[in-house]
Amino acid sequence: MYKVTLNSVEETNSIALKLGQAINGHAVILLTGDLGAGKTTFTKGLAKGLGVKEIVNSPTFTILKEYHSGRLPLYHFDAYRLEDGYEDLGFGEYIDSDALSVIEWPIYMQEDIPEEYLEINLQYIDEQTRTIEFIPHGLAYETLCKEVLA
Amino acid sequence: MRTIVMDTSNHYLAIALYEDGMLRACRQLEALKQQSELAIPVLKDLMDGQHWQMKDIGEMVVSLGPGSYTGVRIAMTIAKTLSAVMPIRLKAISSLAMLAGDQKAISIIDARGNKFYVGMYENGEPLMEDTLMEAEVFETFKNEHPDFPIVALVDEIPLCDNLYLLSRKAPYIEDCDCLVPTYIKGVEAKKQC
(Lines give C-alpha, C1' and ligand atoms only; values in the text may rest on other atoms or scores of the structure.)
Protein backbone atom coordinates (compact mmCIF):
# COMPACT_ATOMS: atom_id res chain seq x y z
CA MET A 1 0.00 0.00 0.00
CA TYR A 2 1.41 3.37 -1.01
CA LYS A 3 0.26 6.73 0.30
CA VAL A 4 1.08 9.99 -1.47
CA THR A 5 0.09 13.58 -0.66
CA LEU A 6 -0.59 15.77 -3.66
CA ASN A 7 -0.45 19.53 -3.27
CA SER A 8 -1.82 20.69 -6.61
CA VAL A 9 -3.87 19.66 -9.61
CA GLU A 10 -0.62 19.41 -11.56
CA GLU A 11 0.78 16.82 -9.16
CA THR A 12 -2.41 14.75 -9.43
CA ASN A 13 -2.28 14.93 -13.20
CA SER A 14 1.38 14.02 -13.23
CA ILE A 15 1.00 10.86 -11.19
CA ALA A 16 -2.07 9.78 -13.14
CA LEU A 17 -0.20 10.37 -16.40
CA LYS A 18 2.75 8.25 -15.26
CA LEU A 19 0.40 5.45 -14.26
CA GLY A 20 -1.45 5.62 -17.58
CA GLN A 21 1.82 5.49 -19.47
CA ALA A 22 2.87 2.38 -17.57
CA ILE A 23 -0.22 0.41 -18.59
CA ASN A 24 0.12 -1.66 -21.75
CA GLY A 25 -2.42 -4.42 -21.49
CA HIS A 26 -5.49 -5.56 -19.62
CA ALA A 27 -5.81 -3.57 -16.38
CA VAL A 28 -8.54 -2.77 -13.90
CA ILE A 29 -8.45 0.27 -11.66
CA LEU A 30 -11.04 0.94 -8.96
CA LEU A 31 -11.33 4.59 -8.00
CA THR A 32 -12.84 5.36 -4.64
CA GLY A 33 -13.35 8.63 -2.80
CA ASP A 34 -16.06 11.14 -2.05
CA LEU A 35 -17.82 13.38 -4.54
CA GLY A 36 -15.31 16.03 -5.54
CA ALA A 37 -12.25 14.07 -4.44
CA GLY A 38 -10.92 14.01 -8.01
CA LYS A 39 -11.77 10.60 -9.45
CA THR A 40 -12.65 11.89 -12.89
CA THR A 41 -9.70 14.31 -12.87
CA PHE A 42 -7.46 11.36 -12.12
CA THR A 43 -9.05 9.42 -14.98
CA LYS A 44 -8.28 12.27 -17.38
CA GLY A 45 -4.60 11.89 -16.45
CA LEU A 46 -4.76 8.12 -16.98
CA ALA A 47 -6.39 8.66 -20.36
CA LYS A 48 -3.67 11.08 -21.40
CA GLY A 49 -1.04 8.53 -20.40
CA LEU A 50 -2.84 6.02 -22.61
CA GLY A 51 -2.77 8.41 -25.56
CA VAL A 52 -6.50 9.06 -25.63
CA LYS A 53 -7.29 12.14 -27.75
CA GLU A 54 -10.96 12.63 -26.89
CA ILE A 55 -12.23 14.71 -23.98
CA VAL A 56 -12.79 12.53 -20.93
CA ASN A 57 -15.59 13.53 -18.62
CA SER A 58 -17.81 12.07 -15.97
CA PRO A 59 -19.81 8.95 -16.85
CA THR A 60 -22.24 9.44 -13.97
CA PHE A 61 -25.26 9.69 -16.27
CA THR A 62 -24.16 7.29 -18.97
CA ILE A 63 -22.65 4.73 -16.60
CA LEU A 64 -20.06 3.68 -19.18
CA LYS A 65 -18.02 5.69 -21.65
CA GLU A 66 -15.63 4.15 -24.15
CA TYR A 67 -12.52 5.75 -25.62
CA HIS A 68 -10.76 4.02 -28.50
CA SER A 69 -8.14 6.54 -29.60
CA GLY A 70 -5.40 5.42 -27.18
CA ARG A 71 -2.92 2.54 -27.14
CA LEU A 72 -5.62 0.46 -25.51
CA PRO A 73 -9.36 0.97 -25.25
CA LEU A 74 -10.37 2.85 -22.11
CA TYR A 75 -13.65 1.87 -20.47
CA HIS A 76 -14.69 4.42 -17.84
CA PHE A 77 -17.47 3.22 -15.55
CA ASP A 78 -19.40 5.11 -12.93
CA ALA A 79 -21.64 2.75 -10.99
CA TYR A 80 -23.16 5.53 -8.83
CA ARG A 81 -26.56 5.24 -10.54
CA LEU A 82 -26.58 1.45 -10.16
CA GLU A 83 -26.96 1.73 -6.40
CA ASP A 84 -30.44 0.19 -6.54
CA GLY A 85 -29.14 -2.87 -8.30
CA TYR A 86 -29.04 -3.93 -11.91
CA GLU A 87 -29.64 -6.90 -14.13
CA ASP A 88 -26.51 -8.18 -15.78
CA LEU A 89 -25.57 -5.48 -18.28
CA GLY A 90 -22.70 -7.37 -19.89
CA PHE A 91 -20.02 -5.26 -18.21
CA GLY A 92 -17.95 -8.29 -17.33
CA GLU A 93 -17.03 -8.75 -20.98
CA TYR A 94 -15.67 -5.22 -21.20
CA ILE A 95 -13.71 -5.54 -17.97
CA ASP A 96 -12.13 -8.85 -18.98
CA SER A 97 -10.97 -7.60 -22.35
CA ASP A 98 -7.56 -6.23 -23.32
CA ALA A 99 -8.33 -2.71 -22.16
CA LEU A 100 -7.97 -0.35 -19.21
CA SER A 101 -11.18 -0.35 -17.20
CA VAL A 102 -11.53 2.43 -14.66
CA ILE A 103 -14.43 2.02 -12.26
CA GLU A 104 -15.81 4.77 -10.01
CA TRP A 105 -18.11 3.69 -7.18
CA PRO A 106 -17.13 0.02 -7.59
CA ILE A 107 -19.20 -0.86 -4.54
CA TYR A 108 -22.29 -0.78 -6.77
CA MET A 109 -20.77 -3.10 -9.37
CA GLN A 110 -19.18 -5.74 -7.18
CA GLU A 111 -20.21 -8.81 -9.18
CA ASP A 112 -18.22 -7.60 -12.16
CA ILE A 113 -14.99 -6.78 -10.29
CA PRO A 114 -12.25 -9.37 -11.00
CA GLU A 115 -9.94 -10.84 -8.36
CA GLU A 116 -6.95 -8.73 -9.29
CA TYR A 117 -7.05 -4.95 -9.61
CA LEU A 118 -5.50 -1.72 -8.42
CA GLU A 119 -7.56 0.20 -5.93
CA ILE A 120 -6.89 3.95 -5.78
CA ASN A 121 -8.50 5.89 -2.96
CA LEU A 122 -8.58 9.69 -3.16
CA GLN A 123 -9.18 11.87 -0.14
CA TYR A 124 -10.03 15.57 -0.21
CA ILE A 125 -7.94 17.54 2.29
CA ASP A 126 -8.53 21.06 1.01
CA GLU A 127 -9.03 22.81 -2.31
CA GLN A 128 -5.48 22.18 -3.49
CA THR A 129 -4.61 19.07 -1.52
CA ARG A 130 -5.45 15.39 -1.83
CA THR A 131 -4.00 12.23 -0.41
CA ILE A 132 -3.97 9.15 -2.59
CA GLU A 133 -3.66 5.56 -1.45
CA PHE A 134 -2.63 2.95 -3.99
CA ILE A 135 -3.70 -0.53 -2.91
CA PRO A 136 -2.66 -3.24 -5.36
CA HIS A 137 -4.52 -6.55 -5.34
CA GLY A 138 -2.38 -9.06 -7.23
CA LEU A 139 1.24 -9.32 -8.24
CA ALA A 140 0.89 -7.50 -11.55
CA TYR A 141 -0.53 -4.46 -9.78
CA GLU A 142 2.11 -4.55 -7.04
CA THR A 143 4.73 -4.45 -9.76
CA LEU A 144 2.91 -1.61 -11.48
CA CYS A 145 2.83 0.43 -8.27
CA LYS A 146 6.53 -0.13 -7.59
CA GLU A 147 7.32 0.96 -11.14
CA VAL A 148 5.29 4.16 -10.98
CA LEU A 149 5.63 5.26 -7.35
CA ALA A 150 9.00 4.09 -6.07
CA MET B 1 -40.33 -24.40 -46.94
CA ARG B 2 -37.51 -21.84 -47.03
CA THR B 3 -35.51 -21.41 -43.87
CA ILE B 4 -32.94 -18.90 -42.65
CA VAL B 5 -30.55 -20.22 -40.00
CA MET B 6 -28.40 -17.79 -38.00
CA ASP B 7 -25.99 -18.00 -35.09
CA THR B 8 -24.23 -15.01 -33.52
CA SER B 9 -24.20 -16.27 -29.95
CA ASN B 10 -20.43 -16.48 -29.56
CA HIS B 11 -17.54 -15.36 -31.71
CA TYR B 12 -18.77 -16.69 -35.04
CA LEU B 13 -21.25 -15.33 -37.52
CA ALA B 14 -22.95 -18.30 -39.19
CA ILE B 15 -25.81 -17.86 -41.65
CA ALA B 16 -27.34 -20.41 -44.00
CA LEU B 17 -30.32 -20.83 -46.30
CA TYR B 18 -32.18 -24.15 -46.55
CA GLU B 19 -35.06 -25.25 -48.74
CA ASP B 20 -37.00 -28.43 -47.92
CA GLY B 21 -34.04 -30.03 -46.23
CA MET B 22 -31.42 -28.94 -48.78
CA LEU B 23 -28.65 -26.47 -48.04
CA ARG B 24 -28.71 -23.64 -50.61
CA ALA B 25 -26.05 -21.27 -49.28
CA CYS B 26 -23.99 -20.81 -46.17
CA ARG B 27 -21.29 -18.68 -44.64
CA GLN B 28 -19.47 -19.15 -41.35
CA LEU B 29 -16.75 -16.79 -40.18
CA GLU B 30 -15.01 -15.54 -37.05
CA ALA B 31 -16.59 -12.18 -36.37
CA LEU B 32 -16.17 -11.23 -32.73
CA LYS B 33 -17.74 -7.80 -32.07
CA GLN B 34 -18.66 -7.46 -35.73
CA GLN B 35 -21.74 -9.64 -35.90
CA SER B 36 -24.15 -6.72 -35.62
CA GLU B 37 -22.39 -4.97 -38.53
CA LEU B 38 -22.12 -8.03 -40.75
CA ALA B 39 -25.26 -10.08 -40.09
CA ILE B 40 -27.70 -8.24 -42.36
CA PRO B 41 -25.28 -7.62 -45.25
CA VAL B 42 -24.18 -11.26 -45.27
CA LEU B 43 -27.80 -12.46 -45.09
CA LYS B 44 -28.75 -10.19 -47.94
CA ASP B 45 -25.78 -11.38 -49.97
CA LEU B 46 -26.72 -15.03 -49.50
CA MET B 47 -30.37 -14.36 -50.35
CA ASP B 48 -29.50 -12.32 -53.45
CA GLY B 49 -27.28 -15.18 -54.59
CA GLN B 50 -30.28 -17.50 -54.45
CA HIS B 51 -32.72 -14.89 -55.81
CA TRP B 52 -34.74 -15.25 -52.64
CA GLN B 53 -36.86 -12.49 -51.19
CA MET B 54 -37.93 -12.08 -47.59
CA LYS B 55 -41.56 -12.74 -48.54
CA ASP B 56 -40.55 -16.28 -49.59
CA ILE B 57 -39.15 -17.17 -46.17
CA GLY B 58 -41.32 -19.42 -44.00
CA GLU B 59 -39.19 -19.83 -40.90
CA MET B 60 -36.03 -18.74 -39.13
CA VAL B 61 -33.88 -20.75 -36.72
CA VAL B 62 -31.49 -19.06 -34.29
CA SER B 63 -29.32 -20.11 -31.37
CA LEU B 64 -30.48 -19.27 -27.86
CA GLY B 65 -27.14 -18.95 -26.08
CA PRO B 66 -25.39 -19.21 -23.75
CA GLY B 67 -22.58 -17.03 -25.05
CA SER B 68 -21.61 -13.41 -25.38
CA TYR B 69 -23.91 -10.81 -23.82
CA THR B 70 -24.43 -8.97 -27.10
CA GLY B 71 -23.97 -11.98 -29.35
CA VAL B 72 -26.93 -13.93 -27.95
CA ARG B 73 -29.14 -10.96 -28.76
CA ILE B 74 -28.17 -10.16 -32.34
CA ALA B 75 -29.56 -13.09 -34.33
CA MET B 76 -32.51 -13.28 -31.98
CA THR B 77 -33.39 -9.61 -32.40
CA ILE B 78 -33.22 -9.96 -36.18
CA ALA B 79 -35.47 -13.03 -35.98
CA LYS B 80 -37.96 -11.41 -33.63
CA THR B 81 -38.19 -8.30 -35.78
CA LEU B 82 -38.73 -10.31 -38.95
CA SER B 83 -41.40 -12.44 -37.30
CA ALA B 84 -43.18 -9.31 -36.09
CA VAL B 85 -43.50 -7.84 -39.57
CA MET B 86 -43.76 -10.93 -41.76
CA PRO B 87 -45.38 -14.37 -41.47
CA ILE B 88 -42.05 -15.98 -40.53
CA ARG B 89 -42.16 -18.56 -37.74
CA LEU B 90 -39.28 -18.99 -35.33
CA LYS B 91 -37.38 -21.79 -33.66
CA ALA B 92 -34.55 -21.37 -31.16
CA ILE B 93 -31.94 -23.94 -30.17
CA SER B 94 -29.45 -23.99 -27.30
CA SER B 95 -25.92 -23.01 -28.39
CA LEU B 96 -24.56 -25.95 -26.41
CA ALA B 97 -26.91 -28.29 -28.30
CA MET B 98 -25.72 -26.63 -31.52
CA LEU B 99 -22.13 -27.65 -30.79
CA ALA B 100 -23.06 -31.26 -30.15
CA GLY B 101 -25.33 -31.61 -33.18
CA ASP B 102 -26.61 -35.19 -33.23
CA GLN B 103 -23.42 -36.58 -31.66
CA LYS B 104 -22.95 -38.01 -28.22
CA ALA B 105 -20.91 -35.22 -26.59
CA ILE B 106 -20.25 -32.88 -23.72
CA SER B 107 -20.24 -29.42 -25.26
CA ILE B 108 -18.46 -26.50 -23.67
CA ILE B 109 -18.39 -22.76 -24.26
CA ASP B 110 -15.89 -20.52 -22.50
CA ALA B 111 -17.58 -18.34 -19.90
CA ARG B 112 -15.28 -15.74 -18.39
CA GLY B 113 -13.68 -16.02 -14.97
CA ASN B 114 -12.36 -19.56 -15.27
CA LYS B 115 -15.78 -21.07 -15.87
CA PHE B 116 -17.47 -23.01 -18.66
CA TYR B 117 -21.00 -23.31 -19.94
CA VAL B 118 -21.53 -27.07 -20.16
CA GLY B 119 -24.11 -29.20 -21.92
CA MET B 120 -24.45 -32.96 -22.28
CA TYR B 121 -26.18 -34.36 -25.34
CA GLU B 122 -26.90 -37.56 -27.22
CA ASN B 123 -28.83 -37.77 -30.50
CA GLY B 124 -29.82 -34.15 -30.16
CA GLU B 125 -31.41 -34.64 -26.73
CA PRO B 126 -30.09 -33.00 -23.56
CA LEU B 127 -29.04 -35.42 -20.81
CA MET B 128 -28.91 -32.59 -18.29
CA GLU B 129 -29.80 -28.92 -18.12
CA ASP B 130 -27.27 -26.54 -19.72
CA THR B 131 -25.24 -25.24 -16.82
CA LEU B 132 -22.34 -23.04 -15.69
CA MET B 133 -19.38 -24.78 -14.03
CA GLU B 134 -16.13 -23.68 -12.45
CA ALA B 135 -13.11 -25.11 -14.29
CA GLU B 136 -12.22 -27.52 -11.46
CA VAL B 137 -15.79 -28.78 -11.23
CA PHE B 138 -15.78 -29.35 -14.99
CA GLU B 139 -12.56 -31.40 -14.74
CA THR B 140 -14.24 -33.74 -12.26
CA PHE B 141 -17.41 -33.88 -14.33
CA LYS B 142 -15.44 -34.66 -17.49
CA ASN B 143 -13.65 -37.54 -15.80
CA GLU B 144 -16.94 -38.98 -14.59
CA HIS B 145 -18.03 -39.38 -18.23
CA PRO B 146 -15.03 -40.68 -20.21
CA ASP B 147 -17.27 -41.99 -22.98
CA PHE B 148 -18.42 -38.49 -23.94
CA PRO B 149 -16.07 -36.59 -26.27
CA ILE B 150 -15.69 -32.92 -25.41
CA VAL B 151 -16.81 -30.51 -28.11
CA ALA B 152 -15.75 -26.87 -28.05
CA LEU B 153 -16.50 -24.01 -30.45
CA VAL B 154 -14.05 -24.40 -33.34
CA ASP B 155 -14.03 -23.74 -37.10
CA GLU B 156 -14.79 -27.33 -38.03
CA ILE B 157 -18.22 -27.41 -36.43
CA PRO B 158 -20.97 -26.88 -39.01
CA LEU B 159 -23.00 -24.51 -36.86
CA CYS B 160 -25.87 -23.95 -39.30
CA ASP B 161 -26.18 -27.60 -40.30
CA ASN B 162 -26.41 -28.53 -36.63
CA LEU B 163 -28.98 -25.83 -35.90
CA TYR B 164 -31.08 -26.84 -38.89
CA LEU B 165 -30.92 -30.53 -38.01
CA LEU B 166 -31.94 -29.92 -34.40
CA SER B 167 -34.68 -27.53 -35.45
CA ARG B 168 -36.50 -30.24 -37.42
CA LYS B 169 -37.50 -31.82 -34.08
CA ALA B 170 -37.98 -28.54 -32.20
CA PRO B 171 -41.33 -26.79 -31.76
CA TYR B 172 -42.16 -23.39 -33.19
CA ILE B 173 -42.05 -20.55 -30.68
CA GLU B 174 -45.64 -19.64 -29.84
CA ASP B 175 -45.08 -16.13 -28.48
CA CYS B 176 -42.13 -14.67 -30.37
CA ASP B 177 -42.30 -11.34 -28.55
CA CYS B 178 -41.44 -13.15 -25.32
CA LEU B 179 -38.45 -15.01 -26.72
CA VAL B 180 -35.33 -14.15 -24.74
CA PRO B 181 -31.76 -15.48 -24.82
CA THR B 182 -30.51 -18.11 -22.42
CA TYR B 183 -28.04 -16.37 -20.24
CA ILE B 184 -26.95 -18.72 -17.48
CA LYS B 185 -25.60 -16.89 -14.47
CA GLY B 186 -25.35 -17.57 -10.74
CA VAL B 187 -28.57 -15.67 -10.10
CA GLU B 188 -30.82 -14.95 -13.05
CA ALA B 189 -33.08 -11.96 -13.35
CA LYS B 190 -36.08 -13.45 -15.11
CA LYS B 191 -38.49 -11.35 -17.07
CA GLN B 192 -42.16 -12.20 -16.78
CA CYS B 193 -44.00 -12.06 -20.05
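Above this text sits the structure in question.
Please read these numbers as outputs of a predicted model, since none were measured by experiment.

Caption draft 1: View of the pairing of strand β3 (residues 22-30) of chain B. Residues and elements named next belong to chain B. Summarising the sheet, strand β2 (residues 12-19) and β3 pair through eight bridges and their orientation is antiparallel. Pairing of Ala16 across the sheet is with Cys26, part of β3. Linking β2 back to β3 in an antiparallel pair, the connection comprises two residues, with Asp20 at a positive phi of about 45 degrees.

Caption draft 2: View of unusual backbone geometry. All names here are of chain B. Here the bond from Gly65 into Pro66 is cis, since omega is 5 degrees, no more than 30 degrees from zero. Position of Pro66 relative to the elements: it lies in the loop between β4 (59-63) and α2 (71-85). Positive phi, close to 50 degrees, is recorded for Asn123, a residue that is not glycine. The class of Asn123 is exposed, set by a relative accessible area of 53%.

Caption draft 3: Spatial organisation of the side chain of Arg130 of chain A. Residues and elements named next belong to chain A. The residue Arg130 is located in strand β7 (residues 130-137) in this model. For the buried residue Arg130, which engages in no salt bridge, the nearest side chain bearing the opposite charge is Asp126, 5.7 Å off. A polar atom in the side chain of Arg130 sits 3.4 Å from the backbone oxygen of Gly36. At a separation of 3.4 Å, a polar atom in the side chain of Arg130 contacts the main-chain carbonyl oxygen of Glu127. In this structure, Arg130 is in contact with Val4, Thr5, Leu6, Gly36, Ala37, Gln123, Tyr124 and Ile125, ignoring residues within four places of it in sequence.

Parameters at a glance
- Residues numbered from 1 in each chain as written.
- Chains lettered and ligands numbered in written order.
- Predicted model: local features only at pLDDT ≥ 70, side-chain atom pairs only at ≥ 80, totals over all residues.
- Heavy atoms only, no water.
- Pairing = 2+ DSSP bridges.
- Helix = DSSP H or I, 4+ residues; strand = E, 2+ residues; numbered from the N terminus.
- Buried < 20%, exposed > 50% of the residue type's maximum accessible area, 1.4 Å probe, protein only.
- Lys, Arg positive; Asp, Glu negative; His and termini not counted.
- Salt bridge = Lys/Arg side-chain N within 4 Å of Asp/Glu carboxyl O.
- Polar contact = N/O pair within 3.5 Å; in protein donor to acceptor, adjacent residues only side chain to side chain.
- Contact = heavy atoms within 4.5 Å.

This is a description of form; function is not addressed.
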